[in-house]
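# Observations on the model geometry
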Amino acid sequence: MFSTEENEKIGNHLLALINKKYNSQRRFAKAYIEADGRTATDEEIRKMANRVSQMIKGSKSIQAYDLPIFAKLLEVSYEEILSGGECLAPQHNRLTNYTVAFSTEQNLWDQYIHRDDKLILNTDEYGKTVIDYALQFKNFNFLKYLLEKNYIWFVGADPQNCFLNFGAGTSIKPRPADMVDFGLRYELAQNSQLRMQMITLAIEHNDIGLLKQLHAREIPSLYQTCFYSRKPIDCDKYYNEDLILHLSKASEQILDYFSEEFKITGNVRMSNMFLFPYMIDLLDLLIKENNIHLEKMLKASIKHNQNVYHQLKKLVHNAINGRLGFYRESFRCHQDKYIKSAKDEEDKYIESIKEGLTNDIMKDFYFYDNDHLVCFMDMMAGDGIITNIIHTTSESKDSKISTLIQNLNDLYDKIRTKNFEYETRGTGS
């Protein structure tokens, strides 16, 4: 075990290593940028060289994401870097979560996965798993390899196993004597952001197949709600800002996928149609950036709101008229003899209860502002709906886009305020 030294000592050793192999901080900065998969422009090199200079002076510490690249470029272990040269363990003699997650060599991945001590299941001295680092370093090929070989999964065989983060897990078995409850298995099962980060990587690589495999448009809590339970979907828990930023720059194919309605059949076997829970955040960003696909995304959101409005309107109408029909029949049954001359009296009775009955039925309409979730139940018919609706507070100078935004928001407001223009039948047979 080693001790992390002060920034100044680390900086001095870093300077010696850089001078030995690269002769200049600028050359090292260029190599770093290229190793990170970015284009080494003059401006990027200047900024990186300045950051390296601050590390060398001790005014800035080395970050966790720097270590694997530094270790690879300087051909030393990260222990040597962090110990300021005190710990000189050869890099190639020790496989770690750091080095494996940064590696592009499949034979090295295989070697680590099949080690007898199953170190891959454990967190390292910084509390990080190999998946944490692979996502941090954006090692897409390594993560896809783990998924394709079924070493890990972010969505289990049954997506309705949503109480433990879509049933994410690993097929790598620990040694019988090991206690790894808080290692890789625990991290996959409990950390909802791992899947969101993997979705972001799939967007970056335009991998629509992987997005579908990851159920990228969904969040686990969608499976836990129905119109009887009226349970919010807790969008904030799963929100990932980086994912929305990547979506705002995604291809048309990716945006088409995220703008489609999708069906969720929950744990109580009731199905409802939803739209991407973070569509509002995405629209706000697309409007701000005047994205070329904005019109298409707005039209898809309007179509969803229209579908919700018409479905709710039909449910409300059926609930009110069904209940009125019940009371009409009840009124008739209580007459000694129902004759045509009693029709006026019957209509007066129905008219007198209509408003109160309608208000009573609308008590079963719920709206949750945080999730933009709407729910209605027709208790008598055993039918209902729960879904999200979309709006935006952003504005556009483009008249066509402004009209679409207005249409979207008008539908949202009509649903939220229960303005269904419902009609009730005043007569019955």
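Structure first, text after, so check above.
Below, the structure is looked at part by part. Fair warning: this is a prediction, and the values are worked out from it, not measured in the lab.

### Some remarks on the nonpolar core
- Grouped together as the largest cluster of nonpolar side chains are 135 residues, with contacts concentrated most on Ile131, Leu211, Leu247, Phe258 and Phe376.
- Among the elements that make up this core, the one with the highest residue count is helix H17 (residues 294-333) (12 residues).

### Describing the state of the cysteines
- Counted by the stated rule, this structure contains 0 disulfides.
- Looking at Cys226, it has no disulfide partner, and the nearest cysteine sulfur is the one in Cys375, 7.8 Å off.
- Look at Cys226 and you get buried, because its relative accessible area is 7%.

### Some remarks on the environment of Ser396
- As for its position among the elements, Ser396 is in the loop between strand S7 (383-388) and helix H19 (399-416).
- On a C-alpha basis, the gap between Ser396 and Ile287 in space is 6.6 Å, while along the polypeptide they are 109 residues apart.
- Not counting residues up to four positions away in its chain, the partners in contact with Ser396 are Ile287, Ile401, Ser402 and Ile405.

### Looking at the environment of Leu247
- Secondary-structure assignment places Leu247 in helix H14 (residues 241-247).
- Judged by its relative accessible area of 0%, Leu247 falls in the buried class.
- Those residues in contact with Leu247 that lie beyond four places of it in its chain are Ile203, Ile254, Leu255, Phe258, Phe276 and Leu282.

### Topic: the packing of helix H2 (residues 25-35) against helix H3 (residues 42-57)
- Taken N-terminus to C-terminus, the directions of H2 and H3 make an angle of 115°; their axes are 8 Å apart at the nearest point. Accordingly, the angle class assigned to the pair H2 and H3 is roughly perpendicular. Helix-helix and strand crossings are classified by hand; for H2 and H3 the assignment is right-handed. Here Gln25, Arg26, Phe28, Ala29, Lys30, Tyr32 and Ile33 of H2 come into contact with H3, specifically with Asp42, Glu44, Ile45, Arg46, Met48, Ala49, Arg51, Val52, Ser53 and Ile56.

Calculation rules
Once a new chain begins, its residue numbering starts again from 1 and follows that chain's sequence as written. In keeping with the predicted nature of the model, local features appear solely for residues at pLDDT of at least 70, side-chain atom pairs appear and are counted solely at 80 or more, and the whole-chain, interface and lining totals rest on all residues. Excluding hydrogens and water, the side-chain values take into account all heavy atoms of the structure. Throughout, nonpolar core names a set of buried Ala, Val, Leu, Ile, Met, Phe, Trp, Tyr and Cys residues whose side chains join them through atoms within 4.5 Å. Throughout this description, buried means an accessible area under 20% of the type-specific maximum (1.4 Å probe, protein chains only), exposed means over 50%, and partly exposed covers the range between. Helical segments are the DSSP runs of H or I of at least four residues, strand segments are the runs of E of at least two, and each set is numbered from the N terminus. Here, the term disulfide refers to a pair of cysteine sulfur atoms separated by no more than 2.5 Å. When checking whether two residues touch, look at their non-hydrogen atoms; a contact exists if any pair is within 4.5 Å. Axis definition: a line fitted to C-alpha atoms, over the contacting stretch in the case of helices. Angles run 0 to 180 degrees between N-to-C directions. Angles are sorted into four bins: roughly parallel if under 35 degrees, roughly antiparallel if over 145, roughly perpendicular if 65 to 115, and oblique for all others. Each helix crossing is assigned a hand: it is left-handed if the near helix lies turned anticlockwise from the far helix by less than a right angle, otherwise right-handed if that turn is clockwise.

Read these as geometric descriptors, not functional statements.
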